[in-house]
Amino acid sequence: MTMKPPMKNGVSPSVLYLEKLPNPPKLLIDFLCQKFLHISRDVWQERFKSNQVLDDKHQPLPVSTPYEYGRCIYYYRQLSTEMPVPFAHQVLFENQDILVVDKPHFLAVSPAGQHVQQTLLTRLKNHTGNTHLSPLHRLDKDTAGLILISKNPASRHLYHALFAHETIKKTYHAIAPYREWLPASLCLHLERGEPFYTMRVNPDKPANTCTNIRLLDRRGKWAKYELTPTTGKLHQLRVHLSHLGIPIKNDPYYPKVCHRQAGDFSSPLQLLAKTLSFIDPVTGEMFCFESALSLQW
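In this text the structure is predicted, and so the values were computed from the model without any measurement.

Conventions used here
- Residues numbered from 1 in each chain as written.
- Predicted model: local features only at pLDDT ≥ 70, side-chain atom pairs only at ≥ 80, totals over all residues.
- Heavy atoms only, no water.
- Pairing = 2+ DSSP bridges.
- Helix = DSSP H or I, 4+ residues; strand = E, 2+ residues; numbered from the N terminus.
- Contact = heavy atoms within 4.5 Å.
- Axes fitted to C-alpha atoms, helices over the stretch in contact; angles between N-to-C directions.
- Phe/Tyr/Trp six-rings, centres within 6.5 Å; stacked < 30°, edge-to-face > 60°.
- Buried < 20%, exposed > 50% of the residue type's maximum accessible area, 1.4 Å probe, protein only.
- Lys NZ or Arg CZ within 6 Å of the ring centre and 35° of its normal.

Caption draft 1: Here's a closer look at the sheet that holds strand β3 (residues 72-75). Spatial strand order, β1-β3-β2: three strands in an open sheet with antiparallel pairing. Strands with a single pairing partner mark the edges of an open sheet, and in this sheet they are β1 (14-17) and β2 (53-54). With four bridges joining them, β1 and β3 adopt antiparallel strand pairing. Residue pairing for β3: Leu16 is matched across the bridge by Ile73. In the packing of helix α1 (residues 28-35) onto the sheet, the strands contacted are β1, β2 and β3, and the crossing angle to β1 comes to about 105°.

Put into structure tokens, the structure is as follows:
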């Protein structure tokens, strides 16, 4: 197996196969500009000049490199400006196979879009030097709390099976408006909405998500709910509570998209991945983890 080039500042390189095209561009940089329309030519030129575009032997490529189909290249993602997230994560547990991490609000888990350095995975890779770290499940940027990270590719499939076979239990806490009566469980069909990064309910299709709901506490018009999902769709808990007419406090997407200003950390989504429980597939030990973070009423 071909080894990837090393990390730079905690970021592993992306790999790109140069396919056979009917009208291939003359230069590699032309192809990159056409493929990644959101990245300017100036940025690609700077990446070539700073040795961030490499061939399959990990050697830097010059900006004059021709486009040659059939080869693989590597490139490092970077952003000219990236807003720092001024909140720390905490590693609650570590062994040879996994990390259990308490993630703060506003911190994306993996590099994507406008988040590269300011992500949990980049922070962890920088700290540990382990290029093999990989999240085992999804946790939104806006959601705080527990996430399970794989350290060891050899055992990763065993932990993925926990989620595939639903033998891992996750509970969440949420602050939302108090409602006198709620169903004990809610099952809905969720699908991609508009904008594309949101989800919506389709009442005409069979349910593909289910969440158990329990009232924990009440303070005036607000309540704290325990949410136990038995499925893991994008934004599932946020859409479910919004559908019930009690959207989670400070939700910027549901029921209406309302983007925050860059650098505004004043109103975190009041959703917390509170507990993780599972039998470790490697050691056979029963693990129960609880987030040390709390929500704001």
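Caption draft 2: Spatial organisation of the pairing of β3. Note: β2 against β3, two bridges, orientation antiparallel. From the neighbouring strand, Val53 faces β3, where its bridge partner is Tyr75.

Caption draft 3: Spatial organisation of the packing of aromatic side chains. Tallied over the full model, the rule gives 15 aromatic pairs. Measuring from centroid to centroid gives 5.2 Å for Phe106 and Phe265, while their planes differ by 75°, and the two rings are edge-to-face. Of this pair, Phe106 sits in the loop between β5 (98-103) and α3 (120-128) while Phe265 is found in the loop between α5 (236-243) and β14 (271-279), placing the two residues 159 residues apart along the sequence. In this structure Phe106 comes out as buried when scored by relative accessible area, which is 8%. Residue classification places Phe265 among the partly exposed residues on the basis of a relative accessible area of 23%. Ring pairing ties together the aromatic residues Phe93, Phe278, Phe287 and Phe289, which thus form one cluster. The aromatic ring of Tyr76 is capped on one face by Lys8, whose charged end is 4.8 Å from the ring centroid. The aromatic ring of Tyr178 is capped on one face by Arg218, whose charged end is 3.9 Å from the ring centroid.

Scope: geometric values only; no functional claims are made or implied.
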